[in-house]
Amino acid sequence: MEAWKRNLYVIWAAELVAIAGFSVVMPFLPYYVQELGITELHQVELWSGALLAAQAVTMCIFAPIWGSLADRYGRKLMVERRCSAAP
């Protein structure tokens, strides 16, 4: 197998695990918000929704920026930067 294909499969699997991890956390987010001290139901709903939306809003803002950087400096550098920044 060519090296680039193997790297692609590894990155694909890592992203799948990361996305699945975020999806597993989402149903428990209201309980976490309550543990932080917010007890009123409408406030829990508001903060849970804001926390869930924060990821999408951040992606909406930064996707064009990362795309232009990838066009300017190369996609490989952006993939390396993304993978090195992952927890």
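Notes on the structure follow. Model, not experiment: these values are computed from the prediction.

### Quick word on the overall build of the protein
Right, on to step 1. Along its length, the protein carries four helices and zero strands.
Right, on to step 2. Its helices and strands in sequence order give the protein the pattern α-α-α-α, from N to C terminus.
Right, on to step 3. Computed over C-alpha atoms, the radius of gyration of the protein comes to 17 Å, more than 25% over the 12 Å expected from 2.2 N^0.38 for 87 residues, which places it beyond the range of a compact globule.
Right, on to step 4. The proportion of buried residues among the 87 residues of the protein is 7%.
Right, on to step 5. Put simply, the protein shows about 7,400 Å² of open surface, and 70% of that area lies on carbon and sulfur atoms.
Right, on to step 6. In the protein, 7 side chains carry a positive charge and 7 a negative one; their mean positions are 18 Å apart.

### A word on the environment of V44
Right, on to step 1. Tracing the backbone through its elements, the reader meets V44 in helix α3 (residues 41-73).
Right, on to step 2. Contact partners of V44, with chain neighbours within four places excluded, come to P30, V33, Q34, I38 and T39.

### Re the environment of L8
Right, on to step 1. Mapping L8 onto the fold places it in helix α1 (residues 3-25).
Right, on to step 2. A C-alpha to C-alpha distance of 18 Å links L8 and A20, two positions 12 residues apart in sequence.

### Focus: a nonpolar patch on the surface
Right, on to step 1. Side chains of V57, I61, F62, I65 and W66 sit close together on the surface and give an oily, nonpolar patch of about 460 Å² of accessible area.
Right, on to step 2. Turning to its location among the elements, W66 is positioned in helix α3.

Criteria and cut-off values
Residues numbered from 1 in each chain as written. Predicted model: local features only at pLDDT ≥ 70, side-chain atom pairs only at ≥ 80, totals over all residues. Heavy atoms only, no water. Helix = DSSP H or I, 4+ residues; strand = E, 2+ residues; numbered from the N terminus. Rg over C-alpha atoms; globule rule 2.2 N^0.38 Å. Buried < 20%, exposed > 50% of the residue type's maximum accessible area, 1.4 Å probe, protein only. Areas by Shrake-Rupley, 256 points an atom, 1.4 Å probe, with all protein chains shown as cover. Lys, Arg positive; Asp, Glu negative; His and termini not counted. Charge placed at Lys NZ, Arg CZ, Asp CG, Glu CD. Contact = heavy atoms within 4.5 Å. Patch = residues over 30% accessible without salt bridge, like charges linked within 9 Å, V, L, I, M, F, W, Y side chains within 5 Å. Salt bridge = Lys/Arg side-chain N within 4 Å of Asp/Glu carboxyl O.

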